[in-house]
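# Commentary on secondary and tertiary structure
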Amino acid sequence: MDQQTPQPSGSENAENLVCSRCGKVTEGAPPTWTCSVENGVRRYFCDSCARENLRAIEGRLDSTWW
C-alpha cells in the first residue's frame, strides 16, 4: 500500500487531508479522523482505518506495525 505524505500542521481547516493508510481524501479535518505524530511527522487516518487498528493505536504502535 502506498504511503501518502501527511499534510503539514495547521492545514487541517484549509486543505484536503489524505489517510496515511488507505489514501482516502477528505476536505478539512473530520472529527472522526485520527491524527498521530510518528517520528515528529503528523499523520492522519480515516475513521475506517482508525477503527480497524484501534488496539494498535491505543498501544501507541506506529502505523508501520499495523
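Fair warning: this is a prediction, and the values are worked out from it, not measured in the lab. (Residues numbered from 1 in each chain as written. Predicted model: local features only at pLDDT ≥ 70, side-chain atom pairs only at ≥ 80, totals over all residues. Heavy atoms only, no water.)

## What to know about the overall build of the protein chain
Defined as follows: Each helix is a run of DSSP H or I of at least 4 residues and each strand a run of E of at least 2, with the numbering of both proceeding from the N terminus. With a 1.4 Å probe rolled over the protein chains alone, any residue whose accessible area is under 20% of its type maximum counts as buried; one over 50% counts as exposed, and the rest are partly exposed.
Broken down by element type, the protein chain carries two helices and four strands. Secondary structure elements in the protein chain, listed N-terminal to C-terminal, are β-β-β-β-α-α. For the protein chain, the residues scored as buried account for 33% of the 66 residues in total.

## Some points on the layout of surface pockets
To keep it simple, the criterion reads: The pocket and cavity definitions rest on a 1 Å grid over protein atoms only: a 1.4 Å probe that fits but cannot leave marks a cavity, an open set with protein on both sides within 12 Å along at least five of seven lines marks a pocket, and residues lining either have an atom within 4 Å of a point. Grid points are joined across faces, edges and corners, and a volume is the space filled by probe spheres set on the points. Three classes are used, and their members are as follows: Ala, Val, Leu, Ile, Met, Phe, Trp, Tyr, Cys and Pro are nonpolar, Asp, Glu, Lys and Arg are charged, and the others, Gly among them, are polar.
If you add up the space inside the largest pocket, you get close to 160 Å³. Counting residues per element, the lining of the largest pocket draws most heavily on strand β3 (residues 34-38), which supplies five residues. Here the residues of the lining of the largest pocket sort into six nonpolar, two polar and three charged.

## Section: the pairing of β3
Rules: Between any two strands, pairing holds if DSSP finds at least two bridges.
Strand direction decides the pairing type here: β3 and strand β4 (residues 41-45), joined by five bridges, are antiparallel. Across the sheet, residue glutamate 38 finds its bridge partner in β4, namely valine 41.

## Some remarks on the nonpolar core
What counts is decided by this rule: What is meant by a nonpolar core is a set of buried Ala, Val, Leu, Ile, Met, Phe, Trp, Tyr and Cys residues, joined one to another through side-chain atoms within 4.5 Å. Contacts are residue-level and defined by heavy atoms, with any inter-residue pair within 4.5 Å sufficient.
In this structure, Leu17, Cys19, Trp33, Tyr44, Phe45, Cys46 and Cys49 together form the largest nonpolar core, which totals seven residues. Leaving out residues up to four positions away in the same chain, cysteine 46 has contacts with Cys19, Cys22, Lys24 and Trp33.

## Some thoughts on the environment of aspartate 62
With respect to the secondary-structure elements, aspartate 62 resides in the segment after α2 (54-58). For aspartate 62, the contacting residues outside a window of four places in its chain are Glu38 and Asn39.

Just geometry here; none of it tells us what the structure is for.
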